[in-house]
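Chain and residue survey
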Amino acid sequence: MFRWGILSTAKIGREHVIPQLQDSENGVVTAIASRDHARARALADRFGVPLAFSSYEELLASPEVDGIYIPLPTSQHIEWSIKAAQAGKHVLCEKPISLKAGEIAPLIAARDASNVLVSEAFMVTYHPQWHKVRALIAEGAIGRLRHVQGAFSYFNTDPDNMRNNAELGGGGLPDIGVYPTVATRFSTGREPLRVQATVEMDPDFGTDRYASVKADFGEFEMSFYCSTQMAARQLMVFHGEDGFIEVTAPFNSGDYGHPTVRLESRGHDQATTFRFGGVRQYRLEAEAFVRKVQGGDDEVFTLEQSVLNQKFIDAVYRAAEHDGWETV
């Protein structure tokens, strides 16, 4: 069994990832670290984890850990991913792995030097609904793809939440804007050439609270908006000449409804709905990661893919500073 160590007691780990790591068929959590030992011990006891450490360094040094899951604040992702790789540990790091595409190069170097697997935790790329979308587009189910539309929003004005803290890497684009971008790239196999954007900053938090983006992919266009201060919504639509694909609950199934993929014909005279009940995407992500570590041929999200997705987000910020197109 692959032995996981968890770097911090963050909410996403507590509520989503750790339970699914524990239920995975090829891995188990053996250690949890927090700068507050009592918190590490309490979370370890909650999930039956044997080891609790009062520092991240202690966990990285443990021979009882094969790989690290990192749900730290975004601003710390690169630093601790590099340290974990240098310690010889495989790394699954929460998204976004970086706030700038150029910051990922040192992590790639550390990965290669230590011969470990390092992957950004885009769980959506392991969900079967997105593999279905990719397959439908590839087989020409909607004909020529002309436009992709996306939306991701929630309402959060808690000043103590890291998503509203600029120093910790908060903001809508880093937190949720990365999902429409990665889902479009994953489903189509295409990269954006240029973007236009409007970004609205929160005057108190200094984080982006709303972004509206138009992207030119050459063969098709994409538009999406994301916001941390709007009513909760998730949607992705892939519109072609012969039909369209609508994805409900595309990123957080359960919280935003039941995950489905609906294929509609051009004349609305035929429709097929694919349902994906009971899918545990964090478990699928972890199991694929472990199989890859063990020499399997599973498709995992690479750091090279991380660079491309972050270049997209970087270009959005640049485009928001002026009218017109910005090259990605």
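Residues numbered from 1 in each chain as written. Predicted model: local features only at pLDDT ≥ 70, side-chain atom pairs only at ≥ 80, totals over all residues. Heavy atoms only, no water.

1. So, the overall build of the protein chain
- Scanning the protein chain for helices and strands turns up nine helices and 15 strands.
- Its C-alpha atoms give the protein chain a radius of gyration of 20 Å, within 12% of the compact-globule value 20 Å for 328 residues.
- The C-alpha extent of the protein chain, read off along each of the three principal axes, is 60 × 45 × 35 Å.
- A burial count over the protein chain gives 54% of its 328 residues as buried.
- Across the protein chain, every contact between residues at least 6 apart in sequence was considered, and the portion connecting residues at least 24 apart equals 66%.
- Surface accessibility of the protein chain: about 13700 Å² in total, with carbon and sulfur atoms responsible for 47%.
- Computing the positive centroid from 32 side-chain charges and the negative centroid from 43, the protein chain places the two 3 Å apart. (Helix = DSSP H or I, 4+ residues; strand = E, 2+ residues; numbered from the N terminus. Rg over C-alpha atoms; globule rule 2.2 N^0.38 Å. Buried < 20%, exposed > 50% of the residue type's maximum accessible area, 1.4 Å probe, protein only. Contact = heavy atoms within 4.5 Å. Areas by Shrake-Rupley, 256 points an atom, 1.4 Å probe, with all protein chains shown as cover. Lys, Arg positive; Asp, Glu negative; His and termini not counted. Charge placed at Lys NZ, Arg CZ, Asp CG, Glu CD.)

2. Looking at the packing of aromatic side chains
- Counting across every chain of the model gives 13 aromatic pairs.
- Between Trp4 and Phe289, the aromatic rings sit 5.3 Å apart at their centres with planes inclined by 40°, giving tilted as the arrangement. Here Phe289 lies in helix 8 (residues 281-293) and Trp4 lies in strand 1 (residues 2-7), a separation of 285 residues in the sequence. Grouping residues by exposure puts Trp4 and Phe289 together as buried. (Phe/Tyr/Trp six-rings, centres within 6.5 Å; stacked < 30°, edge-to-face > 60°.)

3. Considerations on the side chain of Asn252
- Along the chain, Asn252 turns up in the loop between strand 12 (243-248) and strand 13 (260-265).
- By relative accessible area, which is 18% here, Asn252 ends up buried.
- Polar contacts involving the side chain of Asn252 include one to the side chain of Gln234, which spans 2.8 Å.
- The residues touching Asn252, leaving out its near neighbours within four places in the chain, are Met123, Phe152, Gln234, Gln281 and Tyr282. (Polar contact = N/O pair within 3.5 Å; in protein donor to acceptor, adjacent residues only side chain to side chain.)

4. Digging into the pairing of strand 7 (residues 145-155)
- By the bridge criterion, nine bridges tie strand 7 to strand 11 (residues 229-240) in an arrangement that is antiparallel. Bridging across to strand 11, Val148 finds its partner in Phe238.
- Of the strand pairs in this sheet, strand 7 and strand 10 (residues 221-227) are connected by seven bridges, and their pairing is parallel. Each residue of the ladder has a partner; that of His147, found in strand 10, is Glu221. (Pairing = 2+ DSSP bridges.)

5. With respect to the sheet that holds strand 1
- Strand order in the open sheet formed by six strands is 3-2-1-4-5-6, with parallel pairing between adjacent strands. With one partner strand each, in any of the chains shown, strand 3 (51-53) and strand 6 (118-120) form the two edges of the open sheet. Direction aside, neighbouring strands of the sheet carry axes that sit 25° apart on average.
- In terms of strand pairing, strand 1 meets strand 2 (residues 27-33) through six bridges, oriented parallel. (Axes fitted to C-alpha atoms, helices over the stretch in contact; angles between N-to-C directions.)

6. Quick notes on helix 1 (residues 11-23)
- For helix 1, with 13 residues, the first-to-last C-alpha span of 18 Å sits near the 18 Å given by 1.5 Å per residue.
- Along helix 1, the sharpest kink reaches roughly 45°, centred on Val17 and followed within four residues by the proline Pro19.
- Looking at helix 1, one finds that the buried residues are Gly13, Val17, Ile18, Gln20 and Leu21.
- Looking at the buried side of helix 1, the elements it contacts are strand 1, strand 2, helix 2 (37-47), strand 4 (67-70) and helix 8. (Expected span 1.5 Å × (residues − 1). Bend = angle between axes of the 7 residues up to and from the residue.)

7. Concerning the packing of helix 7 (residues 172-188) against helix 9 (residues 303-319)
- Helix 9 packs onto helix 7 with a crossing angle of 120° between their chain directions and a minimal axis gap of 10 Å. Relative to helix 9, the element helix 7 lies oblique. Like other packed secondary-structure pairs, helix 7 and helix 9 cross with a definite hand, here right-handed. Packed against helix 7, whose contacting residues are Leu173, Pro174, Gly177, Val178, Thr181, Val182 and Arg185, the element helix 9 presents Gln305, Leu308, Asn309, Phe312, Ile313, Val316 and Tyr317 at the interface.
- Class assignment of the residues belonging to the contact of helix 7 with helix 9 gives a composition of nine nonpolar, four polar and one charged. (Parallel < 35°, antiparallel > 145°, perpendicular 65-115°, else oblique. Left-handed = near helix turned anticlockwise from the far one by under 90°. Nonpolar A, V, L, I, M, F, W, Y, C, P; charged D, E, K, R; others polar.)

8. As for unusual backbone geometry
- Geometrically, the link from Lys95 to Pro96 is a cis peptide bond, its omega value of -15° lying close to zero.
- Along the chain, Pro96 turns up in the loop between strand 5 (90-93) and helix 5 (105-114).
- A positive phi angle, near 55°, is found at Asn115, a position not held by glycine.
- Summarising the element assignment, Asn115 is placed in the loop between helix 5 and strand 6.
- Under the relative-accessibility criterion, Asn115 is labelled exposed at 67%.
- Despite not being glycine, Ala249 shows a phi value in the positive range, around 45°.

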